[in-house]
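Residues per chain are reported as follows:
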Amino acid sequence: MTDVFADQRLSTRTDFLGAQHDADSLPGWVFKPVHFSQGPAGLVLNLSDGGLQVLTSGTEPLAAGRYEVLLLLGRCDAEPQDDEQVSWFNGVVEHAWSRPVPRMGILHGLRFVSRNSTAEQFLEKHQAALEAGQWVRCVLLRKPH
């Protein structure tokens, strides 16, 4: 997929190979609801200095504002009752933009509000694993103003 928005990017980004822009490559558990949250589930597609891009389902658009992003690192084969046992890292992000991705969902650009959150630290320290195809799911929880 050609990135027509590359010229608008402030920083170089790292794409995570496991999260390809191909609807057929997405496993069925990517947007599975997480029982402890009341926010949309998503898939982290890439990371740049101070921000990340997240793919959500096409039925869950994000409004402008701030969100707490929780990275979910549990196994894809975990039993449904084990959802709350996943490890997670979090950070506060601000919604920058959204655009539809045909047959896949909605891609969102998010900026970290506070640098060095546990989510940002995890993604930076584990870039090699992420570039090699490890999936990172997330949940976006709306932050009150």
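All of these numbers come straight from a predicted model, not from anything done at the bench.

Focus on the overall build of the protein chain
Here comes step 1: What the protein chain contains, in helices and strands, is two helices and seven strands.
Here comes step 2: Start at the N end of the protein chain and walk to the C end: the helices and strands fall as β-β-β-β-β-β-α-α-β.
Here comes step 3: For the protein chain, the proportion of its 145 residues judged to be buried stands at 43%.
Here comes step 4: The contacts in the protein chain between residues at least 6 apart in sequence include a share of 72% that link residues at least 24 apart.
Here comes step 5: Of the roughly 7900 Å² that the protein chain leaves accessible, carbon and sulfur atoms contribute 50%.

Remarks on the environment of Val92
Here comes step 1: Relative to the helices and strands, Val92 is located in strand S5 (residues 88-101).
Here comes step 2: Taking the C-alpha atoms as reference points, Val92 and Glu120, 28 residues apart in sequence, are found 9.8 Å from one another.
Here comes step 3: Beyond its immediate sequence surroundings of up to four residues, Val92 is in contact with Arg66, Tyr67, Glu68, Arg111, Phe112, Val113, Ser114 and Lys143.

Concerning the packing of aromatic side chains
Here comes step 1: In the structure shown here, the tally under the stated rule is one aromatic pair.
Here comes step 2: Taking the centre distance of 4.8 Å and the plane angle of 15° together, the rings of Phe89 and Phe122 count as stacked. Residue Phe89 is located in strand S5, and its partner Phe122 is located in helix H1 (residues 118-125); the two are separated by 33 residues in the primary sequence.
Here comes step 3: With a relative accessible area of 28%, Phe89 lands in the partly exposed category.

Regarding the confidence of the model for the protein chain
Here comes step 1: The predicted model of the protein chain has a mean per-residue pLDDT of 76, with 64% of residues at 70 or higher.
Here comes step 2: Low pLDDT (under 50) marks residues 17-21, which in the prediction has 15 contacts with non-local residues, meaning those over four places away or in another chain.

Some thoughts on unusual backbone geometry
Here comes step 1: For Arg103, which is not a glycine, the phi torsion comes out positive at approximately 65°.
Here comes step 2: You can see Arg103 is positioned in the loop between S5 and strand S6 (105-112).
Here comes step 3: Given the relative accessible area of 67%, Arg103 is considered exposed.

Some details on the pairing of strand S2 (residues 41-48)
Each regular strand displays side chains that alternate between the two surfaces of the sheet.
Here comes step 1: Counting buried residues in S2 gives eight out of eight residues, a clear majority hidden from the surface.
Here comes step 2: Two strands pair when backbone bridges link them, and S2 and strand S7 (residues 137-142) are joined in this way by three bridges, in the antiparallel orientation. Paired with Ala41 across the strands is Val139, a residue of S7.
Here comes step 3: Bridge count for S2 against strand S3 (residues 51-56) is six bridges, and the pairing is antiparallel. By the bridge assignment, Leu43 is partnered in S3 with Leu55.
Here comes step 4: Connecting S2 to the next strand, S3, in antiparallel fashion are two residues, including Gly50 with a positive phi near 90°.

Digging into the nonpolar core
Here comes step 1: Judged by nonpolar contacts, the single largest core of 18 residues is most densely connected at Val44, Leu52, Val69, Leu71 and Leu123.
Here comes step 2: Sorting the residues of this core by element identifies S2, S3, strand S4 (66-72), S6, H1 and S7 as the ones contributing at least two each.
Here comes step 3: Among the nonpolar cores identified, the runner-up in size contains six residues, and Leu43, Leu55, Val101 and Leu107 belong to it.

Rules used throughout
Residues numbered from 1 in each chain as written. Predicted model: local features only at pLDDT ≥ 70, side-chain atom pairs only at ≥ 80, totals over all residues. Heavy atoms only, no water. Helix = DSSP H or I, 4+ residues; strand = E, 2+ residues; numbered from the N terminus. Buried < 20%, exposed > 50% of the residue type's maximum accessible area, 1.4 Å probe, protein only. Contact = heavy atoms within 4.5 Å. Areas by Shrake-Rupley, 256 points an atom, 1.4 Å probe, with all protein chains shown as cover. Phe/Tyr/Trp six-rings, centres within 6.5 Å; stacked < 30°, edge-to-face > 60°. pLDDT = per-residue confidence, 0-100. Pairing = 2+ DSSP bridges. Core = buried A, V, L, I, M, F, W, Y, C linked by side-chain atoms within 4.5 Å.

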